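Architecture at a glance
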Amino acid sequence: MKRILVTGALGQIGSELVLKLRRIYGENNVVASSRSKKDTANKEVMESGPFELVDVLNSQQIIEATKKHNVDTVIHLASILSAVGEEKPHLLWDINMNGLYNVLEVAREKNHGVFIPSSIAAFGPSTPMDLTPQDTIQRPTTIYGVSKVAGELLCDYYYERFGVDTRGVRFPGLISYEALPGGGTTDYAVHIYYEALKTKEFICNIKEGTKMDMMYMPDALDCIVNLMEADSTKLKHRNAFNVTAMSFGPEDVYAEIKKHVPEFEIKYDVDPVKQKIAESWPNSLDDSAAREEWGWTPKYNLETMTVDMLEKLKEKLGNNK
Ligand code: AKB
């Protein structure tokens, strides 16, 4: 990667990824893009290097941005997540599928690489739930999951048929302190940290005992960079690598936070839609293909992530007691 365009750059992943990429590849070589400028967005993402307004539903805007900045890689993050998808399935299909199609078509014409995140949502209730294999049954029951499976296949097709260098991972729930996630099922695992410091009480919308794979954002960012920099000849899977760093339920993350915030309390008020989605996803993934093919290894587990999250959030919330 030398000159990179990031779509959806003001979201949870993009807000941190753009700054990391600019540190590695140079400020002017990483173009942040978004459909609109958000007031709540990290201004540094828009101001520390090139920024373009790109709606992924508008191919012309993608072409203009890639041409203007002579891009060799697009990291395509613009997407709608699982819970919002169940509220707005048509919008999800439009953005997740037509947006991806437009990005892949521009990549085919301009001959550049693409990173596309898939998700644990690409699995469903008939998938083996524990140590879910890399290659297994994929019959998801959410529109988000359906779009992810279709996206994985489309990316494989663009590689096989047109030689587009497509690569991707199946991200688990991502935990971070910079930008909040928007509309996912795993969002509780971010909000719990904020509430532990802000109100010392968290009302959890996912049932006790519901295990899902999770990852701390610094590991997720390394995933993207390391996979995109990996030797192409070593990749057998290319798209949709299982990756994980930890697997936990709400009671596990609560117990870990409580070690640092003893007065913290949790209550449950389960959201049936999110709970059904969570139960349809794996408890834990087998990510050995990513480990073997491009050396994936996470740095953080629940314990070390919790220490870092609480420290960074205390600074952010001005709560240094
Ligand atoms: C979601 O919960 O929708 C996302 C995901 C696991 O893809 N965080």
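Residues numbered from 1 in each chain as written. Predicted model: local features only at pLDDT ≥ 70, side-chain atom pairs only at ≥ 80, totals over all residues. Heavy atoms only, no water.

The subject of this paragraph is the sheet that holds strand β2 (residues 30–34). What the six strands build is an open sheet, ordered β3-β2-β1-β4-β5-β7; its pairing is parallel. Both edges of this open sheet fall to β3 (51–53) and β7 (166–167), since each of them pairs with a single strand only. Bridging between strand β1 (residues 4–7) and strand β4 (residues 73–76) involves four bridges; their strand directions are parallel. Bridged to Val-6 within β4 is Ile-75. Helix α1 (residues 14–25) rests against β1, β2 and β4 of the sheet, and its axis sits at about 165° to β2. (Pairing = 2+ DSSP bridges. Helix = DSSP H or I, 4+ residues; strand = E, 2+ residues; numbered from the N terminus. Contact = heavy atoms within 4.5 Å. Axes fitted to C-alpha atoms, helices over the stretch in contact; angles between N-to-C directions.)

Looking now at the domain arrangement of the protein chain. Taken domain by domain, the protein chain comprises domain 1 (4–172 + 217–242) and domain 2 (173–214 + 246–283 + 300–317). The straight-line distance from the C-alpha centre of domain 1 to that of domain 2 is 24 Å. Facing 27 residues of domain 1, the contacting portion of domain 2 comprises 25 residues. It is Gln-12, Ile-120 and Pro-172 that lose the most area in domain 1 upon contact with domain 2, and together they represent 29% of the buried surface on that side. The tally of links between domain 1 and domain 2 comes to zero salt bridges. Of the residues in the side of domain 1 that touches domain 2, the class split is 14 nonpolar, nine polar and four charged. (Domains from an automatic or database assignment. Buried area = accessible area lost by both parts, 1.4 Å probe. Salt bridge = Lys/Arg side-chain N within 4 Å of Asp/Glu carboxyl O. Nonpolar A, V, L, I, M, F, W, Y, C, P; charged D, E, K, R; others polar.)

Next up on the list: the pattern of salt bridges. If you walk through the whole model with that rule in mind, you get 15 salt bridges. Between Lys-267 and Glu-201 there is a salt bridge, with its nearest N and O atoms 3.3 Å apart. You can see Lys-267 sitting in strand β14 (residues 265–268) and its partner Glu-201 sitting in strand β10 (residues 201–204), a full 66 residues away along the chain. When its relative accessible area of 45% is taken as the criterion, Lys-267 is described as partly exposed. Since its relative accessible area comes to 32%, Glu-201 is described here as partly exposed. For Lys-312, the salt bridge goes to Asp-308, with nearest N and O atoms at 3.0 Å. Taken together, the residues span about one helical turn, with Lys-312 and Asp-308 both in helix α12 (residues 302–317) at a distance of four residues. In this structure Asp-308 comes out as buried when scored by relative accessible area, which is 13%. Connected through shared salt-bridge partners, Lys-20, Asp-222 and Lys-299 make up one network. (Buried < 20%, exposed > 50% of the residue type's maximum accessible area, 1.4 Å probe, protein only.)

This brings us to the site of the ligand. As a matter of local geometry, the ligand sits amid Leu-81, Ser-82, Ser-119, Ile-120, Tyr-144, Gly-184, Thr-185, Thr-186 and Trp-281. Separating an oxygen atom of the ligand from a side-chain N or O atom of Tyr-144 is a distance of 2.7 Å. Thr-185 places a polar main-chain atom, nitrogen or oxygen, 2.7 Å from an oxygen atom of the ligand. Here the ligand has 250 Å² of accessible area as a free molecule, and 92% of this is covered by the chains. (Near = heavy atom within 4 Å. Polar contact = N/O pair within 3.5 Å; in protein donor to acceptor, adjacent residues only side chain to side chain. Areas by Shrake-Rupley, 256 points an atom, 1.4 Å probe, with all protein chains shown as cover.)

Right, let's talk about the packing of α1 against helix α8 (residues 217–229) for a bit. Packing of α1 against α8 leaves a shortest axis separation of 10 Å and a crossing angle of 50°. Looking at the two axes, α1 sits oblique to α8. Once α1 is placed against α8, the crossing between them reads as right-handed. Across the interface between the two elements, Glu-16, Leu-17, Lys-20, Leu-21, Ile-24 and Tyr-25 from α1 touch Met-217, Leu-221, Asp-222, Ile-224, Val-225 and Glu-229 from α8. Class assignment for the residues of the contact of α1 with α8 results in eight nonpolar, no polar and four charged. (Parallel < 35°, antiparallel > 145°, perpendicular 65-115°, else oblique. Left-handed = near helix turned anticlockwise from the far one by under 90°.)

The next thing to look at is the nonpolar core. Counting residues in each nonpolar core, the largest one holds 81 residues, and the members touching the most others are Phe-171, Tyr-193 and Trp-294. Each of domain 1 (4–172 + 217–242) and domain 2 (173–214 + 246–283 + 300–317) contributes no fewer than three residues to this core. Sequence-distant contacts of Phe-171, that is, excluding residues within four places in its chain, are made with Ile-13, Phe-115, Pro-117, Ser-118, Ser-119, Ile-120, Met-215, Ala-220, Cys-223, Ile-224 and Val-243. With 20 residues, the next largest nonpolar core counts Leu-5, Ala-78, Val-114 and Val-164 among its residues. (Core = buried A, V, L, I, M, F, W, Y, C linked by side-chain atoms within 4.5 Å.)

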